[in-house]
Structures are given as structure tokens and as C-alpha cells.
Amino acid sequence: MAQVTIYTRQFCGYCSRAKKLLEKKGAKYKEHDATYSPALKAEMVKKANGKKTFPQIFIGDKHVGGCDELFDLEWDGKLDKLLAA
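What counts as what
- Residues numbered from 1 in each chain as written.
- Predicted model: local features only at pLDDT ≥ 70, side-chain atom pairs only at ≥ 80, totals over all residues.
- Heavy atoms only, no water.
- Pairing = 2+ DSSP bridges.
- Helix = DSSP H or I, 4+ residues; strand = E, 2+ residues; numbered from the N terminus.
- Axes fitted to C-alpha atoms, helices over the stretch in contact; angles between N-to-C directions.
- Contact = heavy atoms within 4.5 Å.
- Core = buried A, V, L, I, M, F, W, Y, C linked by side-chain atoms within 4.5 Å.
- Buried < 20%, exposed > 50% of the residue type's maximum accessible area, 1.4 Å probe, protein only.

(A) Molecular detail of the sheet that holds strand β2 (residues 29-33). Strand order in the open sheet formed by 4 strands is β2-β1-β3-β4, and the pairing between neighbours is mixed. The strands lining the two open edges of the sheet, one partner per strand, are β2 and β4 (62-65). On average, each strand axis in the sheet is inclined to that of its neighbour by 20°, with strand direction left out of account. Running at roughly 100° to β4, helix α3 (residues 67-75) makes contact with β3 (56-59) and β4 of the sheet.

What follows is the structure, given as C-alpha cells:
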């Protein structure tokens, strides 16, 4: 299964939804909680090509985007393939 990295912040409903979908899919993920870490947020923004919203999700080397984009992949039937890579 592909390595999944997710940048989150506390009390973020979108972050919770994204993590629940990943868990439902059986995907293990590495979570970076950037709530109190300007350095982690800066790292996320750089890796996400300037995107500043939470969460930002990466599957393997691919930047997926946020929660909405993750669910779009699921609805389009593409998420399982990405996770299996």
C-alpha cells in the first residue's frame, strides 16, 4: 500500500473526515499535526505548491489536495488504485 501523509490541525472537521475515509480504506497514514507548529505549516505549504488549507494529503509522491479532492477520488473510483500503488 502506498505511503500516505496528511497535514492536519486540531478541531478541523475536514481533517477528521479525510482521516476517517483513509481508515475506512485500511490505509495507514503518517499524520503531521501543524496546529502549533509554524515550521510544519510552512513545510506543508511548500510541498503543496502554496496551498494553505487543512488538510493537505499526499499519497506516495502525488499531492492529492484536501478533503474534497480525496472524496472526489473516492467517488470517481480512483482512490483504491492510488492507495494500492
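(B) Broad picture of the nonpolar core. Ranked by internal contacts, the top residues of the largest apolar core, which has 16 residues, are V4, I57, I59, L70, L79 and L83. Going through the elements one at a time, β1 (4-8), α1 (13-24), β3, α3 and α4 (79-84) are the ones with two or more residues in this core. Per-element accounting of this core gives the leading share, 4 residues, to α3. Setting aside anything within four residues of it in sequence, one finds L79 in contact with L21, K25, I59, L70, L73 and E74.

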